[in-house]
Amino acid sequence: MDPYRLPRTVVPNRYDLRLEPDLTTLTFRGVETIAVSIAEPVSEIVFNAVELAVDEAVVTDGRGREQRATVTLDEAAERCRLALAQPLATGEGTLRLVFRGTLNDKLRGFYRSVYKDPSGVSRTMAATQFEATDARRAFPCWDEPAFKAVFSVTLVIDAALTAVSNTRILETKPDGARKILRFADSIKMSTYLVALVVGELEATDAVGVGPTPVKIWCVPGKRRLAAFGQEIAVDSLRFFEEYYGVPYPGDKLDLLAIPDFAAGAMENLGAITFRETALLVDETAASHAELQRVADVVAHENAHMWFGDLVTMSWWNGIWLNEAFATFMEMLAVDAWKPEWQRWTAFGVSRAAAMSVDGLHSTRPIEFPVRAPREADAMFDVLTYEKGASVLRMLEQFLGPTVFRQGVRDYLNAHRFDNADTGDLWAALGRASNQPIPAVMDGWIFAPGYPLVSASVEGAELVLRQQRFNYLPQPLPWYGAAPAAATPAPARWQVPVQLRVSAGGRDTVERVLLTDAEARRPLPASADSVVVNEGGHGFYRVRYDDTLRAKLLARLGSLGAIERFNLVNDAWAVTVAGLMSLPDYLELTARFRDERDKNVWAVLIGSFSTLNRLITPADRPGLEALVRDRATPALAALGWTPRHGEDELARQLRGDLVRALGTLGNDRDVQARAAELYAAHTRGAAVDPNVLPALIAVLAHAGDAGRYDAFLDRFRKAATPQEEQRYLYALTAFPQPPLVEQTLGRTVNGEIRTQDAPFVARTMLMQVHAREIAWAFVKKQWDTMDRLYPKHGLRRMAEGVIGLATPELEADVHRFFQERKIELGGKTLEQYLEQLRVAVALRQREGAALSRALARA
Ligand SMILES: [Zn+2]
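Overview of the structure. (Residues numbered from 1 in each chain as written. Predicted model: local features only at pLDDT ≥ 70, side-chain atom pairs only at ≥ 80, totals over all residues. Heavy atoms only, no water.)

In this section: the overall build of the protein. Assigned secondary structure in the protein consists of 25 helices and 30 strands. Since a compact globule built from 857 residues should have a radius of gyration of about 29 Å, the 28 Å found for the protein is in line with a globular shape. Overall, the C-alpha framework of the protein stretches about 85 × 65 × 55 Å when taken along its three principal axes. Across the 857 residues that make up the protein, the buried fraction comes to 60%. Within the protein, contacts between residues separated by at least 24 positions form 71% of all contacts whose residues are at least 6 apart in sequence. Counting every atom, the protein has about 31,800 Å² of accessible surface; 50% of that belongs to carbon and sulfur. Here the protein holds 99 positive side-chain charges and 108 negative ones, and the gap between their average locations is 2 Å. (Helix = DSSP H or I, 4+ residues; strand = E, 2+ residues; numbered from the N terminus. Rg over C-alpha atoms; globule rule 2.2 N^0.38 Å. Buried < 20%, exposed > 50% of the residue type's maximum accessible area, 1.4 Å probe, protein only. Contact = heavy atoms within 4.5 Å. Areas by Shrake-Rupley, 256 points an atom, 1.4 Å probe, with all protein chains shown as cover. Lys, Arg positive; Asp, Glu negative; His and termini not counted. Charge placed at Lys NZ, Arg CZ, Asp CG, Glu CD.)

Pasting the structure below:
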């Protein structure tokens, strides 16, 4: 028997759950009656519970016989066993449990969140976060996604407080100083989707989408920041009802901002919880990036109401489909809501992030066998979300959007209120499209990595060849406790290649399913250019031969933004992999001085940031000059202030250029202008919200102790979650060592919330001026951080070691992790160390050539 799965001899159908949280003593009491089906005459019942005391357990069997059970808790296995004197009669029975627990401060299970009210007084609220396996910390349950049941929740709370759960409140009854709230029955759903939030909460008025009222909830004083989130919540809910062709499965939809929240958001059916930055925003004062974040996360969680909540994966190996699909749908919904944002072009940045990790030997397949549920924790990464969404997008484009949607509708209808697997979706898409979906998709889902498609001209033919893309020729030796099983990559993929050939002023688009190592197509002698990965949806890289690349660079204006993005991104990747010289890459970036797309600039600036981490101090002025040379013309053309009628993307780009020039470019003029504008802003002058965050970053980079104190004060008194974040991250950018030390100290002394502290420390590890001090600090404080931070905190923070890109620091990083025998879950640490090796290898291989090129620049 699988030790990680509960026996199915007794299974739950319905939970009548009554919980009584006390925000003063930080404890809760509970009583639940679980209606169960007893399939075999067992004398033991096993389910999940952890950090709970079970005071009483009474079982009624299929013949109505009642008996008291002996309770044993196995904390290590997170299980509760009820031993019975008499075997149970099969049939329908009940289980009545009385239990107690603590409102913890680890942001999981049933936990407390602390915040300051508008008058500055500290307040406490309680919230839940159950995915993947923490419902068992709030109430005893069959805590696996396949044990779906109906939940009927009753909460007993202080009369002055408010509570939200998955469904509408049926009844409120006073009970002395307390009150009793009875909620409606939920649909049949998994335990990880149950939600309970209790505190002094405020809500917006409801907006109706058909019969569904949609409201935003927050702590008092923040309701003015809810309008934008509500707008996308309402719009995306409509969009999904239409797309899925299935009504919203809940009876209301509440979206709640929680001051302490470990993840970004959680798709509890009808009661979605968010960290504040992902839901609350002042639309008039926020940058595009800050608004897009709210829109993305809200749409993503709404997409889950069907995909994840109504139809749920059978086991945690299926989590990728849940998350990949919600990410894909989030793009569709936001793109439909704000077409001017060009969301699919911006998605190029996410796809590129997934390709960075998936180009490692230590990558993993999107889906792989998961035995212990905790193995699923390491699956919440860019491969699950971004690679998963990318391959779904590739499939959607390959099948056509209408056929794809039909397959999704069939899948949801066939499995609603139930569980399903990847194979079920492929089967539905196969029926809708008459295509052999598993054959096309298996290489992308069940094997690690992706192909590099090389394009060259041989005679009158275009030749396409595929091979696996890797940054390093060989895997790193691995010293971890669990030796990495080599996951065999397929020799080749089924690559849906879309080509665009321009010849004599005419464009021809052709679809090729590249299944072999090589394919040849006739190419007209008059061809002016060939774009491989036309439209940019493919999850593969393209390496053009010199002739084809030169032709494309000569016709950049004929390429779509995502195609230019891919051209730069793929060139940078093959450079890092040693297949193109660094001076050649720098040469290529000179062709983009006229570029006006912010996503293309994101790749360019990202590559300069990477170089900044691996050059010697002597080369830094050369790199700064190069950044100024590339970015100054674009900023000069845009100007510092928005122009009347300018498009959305120009507005977004301006701030990115200011930031790059003022920090990486160390441009004194830009720094001086930023100081002037910021001073005007503090006097009340209007500054474009896309530029303001860049000004703050530039001033921190060029700042001193006085500025640091002023920014610290702004962080503490911020009026919006976004403003708080801008000043918080600005604190990481001051170069003076005593200021670096100060900020680091705040990651462990409670001044920075534990939901943010790991990310702040990560940022400091990634920055040249701070990294050595930060690394020494992290080594010293590792155990403290382990104790303080929420579950995934250390894993997120440790990603910063990728920035320690000198041979000496790299060696020290290896020493530390090896000596301390640290594990970060799954292949996380291996991936970080390999990414660090990639950076240091680039430095060792190209350092001299880079020095020469920068001296000439
Ligand atoms: Zn999700």
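The interhelical angle for the contact between helix H1 (residues 227–244) and helix H3 (residues 319–337), taken along N-to-C directions, is 110°, at an axis separation of 10 Å. Relative to H3, the element H1 is oriented roughly perpendicular. Side by side, H1 and H3 meet where Phe-228, Glu-231, Ile-232, Asp-235, Ser-236, Phe-239, Phe-240, Tyr-243 and Tyr-244 of the first sit next to Phe-325, Phe-328, Met-329, Leu-332, Ala-333, Ala-336 and Trp-337 of the second. Looking at the contact of H1 with H3 residue by residue, the classes come out as 13 nonpolar, 1 polar and 2 charged. (Axes fitted to C-alpha atoms, helices over the stretch in contact; angles between N-to-C directions. Parallel < 35°, antiparallel > 145°, perpendicular 65-115°, else oblique. Nonpolar A, V, L, I, M, F, W, Y, C, P; charged D, E, K, R; others polar.)

This paragraph deals with the pattern of salt bridges. Note that side chains of opposite charge can pair when their charged atoms are close. Summed over the entire model, instances satisfying the criterion amount to 56 salt bridges. Between Arg-65 and Asp-61 there is a salt bridge; the shortest N-O distance is 2.9 Å. Looking at Arg-65, the relative accessible area reads 39%, which means it is partly exposed. The partner of Arg-654 in a salt bridge is Glu-646, with the nearest N and O atoms 2.8 Å apart. Neither Arg-654 nor Glu-646 differs from the other in exposure class; each is buried. Within the structure, one salt-bridge network assembled from shared partners comprises Glu-51, Glu-78, Arg-108, Asp-134, Arg-136, Arg-137, Asp-143 and Lys-791. (Salt bridge = Lys/Arg side-chain N within 4 Å of Asp/Glu carboxyl O.)

Take the sheet that holds strand S3 (residues 44–48) next. A sheet is described by the order of its strands in space; here 3 strands give the open sequence S3-S7-S6, paired in antiparallel fashion. Two strands bound the open sheet, and with one partner strand each, they are S3 and strand S6 (70–74). Strand-to-strand twist in this sheet, taken as the mean axis angle between neighbours without regard to direction, amounts to 20°. Sheet topology note: the S3/strand S7 (residues 79–83) ladder contains 5 bridges and is antiparallel. For Ile-45, the partnering residue across the bridge sits in S7 and is Leu-82. (Pairing = 2+ DSSP bridges.)

Bringing helix H12 (residues 582–589) into the picture now. Burial in H12 covers these residues: Leu-582, Tyr-585, Leu-586, Leu-588 and Thr-589. Buried positions in H12, seen along its axis, are confined to an arc of 155° and lie on one side of it. Tucked into the core, H12 has its buried residues touching helix H10 (546–554), helix H11 (561–576), helix H13 (598–614), helix H14 (620–638) and helix H25 (828–856). For H12, the side-chain oxygen to backbone nitrogen distance between the N-cap and Asp-584 is 3.1 Å, and the N-cap itself is Ser-581. (Arc of directions from axis to C-beta. Polar contact = N/O pair within 3.5 Å; in protein donor to acceptor, adjacent residues only side chain to side chain.)

Now for the coordination of the zinc ion. The zinc ion binds to the protein through His-300 (NE2), His-304 (NE2) and Glu-323 (OE); the donor distances cover 1.9 to 2.1 Å. One chain supplies every donor for the zinc ion, spaced along it as H-x3-H-x18-E. On the criterion of sequence distance, the pair formed by His-300 in helix H2 (residues 288–304) and Glu-323 in helix H3 is long-range, its members being 23 residues apart. Classification of His-300 as buried rests on a relative accessible area of 6%. (Donors = N, O, S within 2.8 Å, 3.2 Å for Na, K, Ca; no water.)

If you look at the biggest cluster of nonpolar residues, it comprises 299 residues, and the most contacted ones within it are Phe-139, Trp-142, Tyr-244, Val-532 and Phe-817. The element that contributes the greatest number of residues to this core is H3, accounting for 13 residues. Setting aside chain neighbours within four positions, we find Phe-139 in contact with Tyr-15, Leu-17, Glu-32, Asn-48, Leu-52, Phe-99, Phe-130, Phe-151 and Val-194. (Core = buried A, V, L, I, M, F, W, Y, C linked by side-chain atoms within 4.5 Å.)

Tracing the backbone through its elements, the reader meets Thr-363 in the loop between helix H4 (343–358) and helix H5 (373–377). Residue class for Thr-363 comes out buried when judged on its relative accessible area of 0%. Ignoring anything within four residues of it in the chain, the contact list for Thr-363 reads Val-357, Asp-358, Leu-383, Pro-448, Gly-449, Arg-468, Lys-827 and Gln-831.

Here the structure, examined in full by the defined rule, presents 39 aromatic pairs. Considering the side-chain rings of Tyr-708 and Phe-734, the 5.2 Å spacing of their centres and the 75° angle between planes classify their relative orientation as edge-to-face. Separated by 26 residues along the polypeptide, Tyr-708 in helix H18 (residues 705–716) and Phe-734 in the loop between helix H19 (721–730) and helix H20 (737–746) bring together distant segments of the chain. The two residues Tyr-708 and Phe-734 agree in class, both being buried. When the ring of Trp-775 is compared with that of Phe-817, the centres are 6.2 Å apart and the planes differ by 40°; the resulting orientation is tilted. Of the two residues, Trp-775 sits in helix H22 (residues 771–788) while Phe-817 sits in helix H24 (residues 807–820), which places them 42 residues apart along the sequence. Residue classification places Phe-817 among the buried positions, given a relative accessible area of 2%. Site record: aromatic cluster; members linked through ring pairs are Phe-307, Phe-325, Phe-328, Trp-344, Phe-347, Phe-404 and Tyr-411. The ring of Trp-337 has Lys-338 sitting right over it, with the charged end atom 4.6 Å from the ring centre. Positioned over the ring face of Phe-469 is Arg-541, at 4.9 Å from the centre of the ring. (Phe/Tyr/Trp six-rings, centres within 6.5 Å; stacked < 30°, edge-to-face > 60°. Lys NZ or Arg CZ within 6 Å of the ring centre and 35° of its normal.)

Let's shift gears to the pairing of strand S19 (residues 253–258). It is a general feature of regular strands that their side chains alternate between the two faces of the sheet. Along S19, 6 of the 6 residues are buried, which leaves the element largely enclosed by surrounding structure. Side chains Leu-253, Leu-255 and Ala-257 project from S19 onto one buried face, and the interleaved Asp-254, Leu-256 and Ile-258 project onto a second face that is buried too. By the bridge criterion, 4 bridges tie strand S18 (residues 212–218) to S19 in an arrangement that is parallel. Across the sheet, residue Val-214 finds its bridge partner in S19, namely Leu-253. For the crossover from S18 across H1 to S19, the handedness is left-handed. (Right-handed = clockwise from strand over helix to strand, strands pointing away.)

The next point concerns the pairing of strand S15 (residues 196–199). Side-chain alternation along S15 places Leu-196 and Val-198 on one buried face and Val-197 and Gly-199 on a second face that is also buried. Pairing of strand S12 (residues 162–165) with S15, which is carried by 4 bridges, proceeds in the antiparallel orientation. Paired with Ser-165 across the bridge in S15 is Leu-196.

This part takes up H24. Along its 14 residues, H24 runs 20 Å from first to last C-alpha, staying within 8% of the 20 Å computed at 1.5 Å per residue. Tucked into the core, H24 has its buried residues touching H22, helix H23 (793–798) and H25. Lys-821 occupies a position one or two residues after H24 and carries a positive phi of about 50°. (Expected span 1.5 Å × (residues − 1).)

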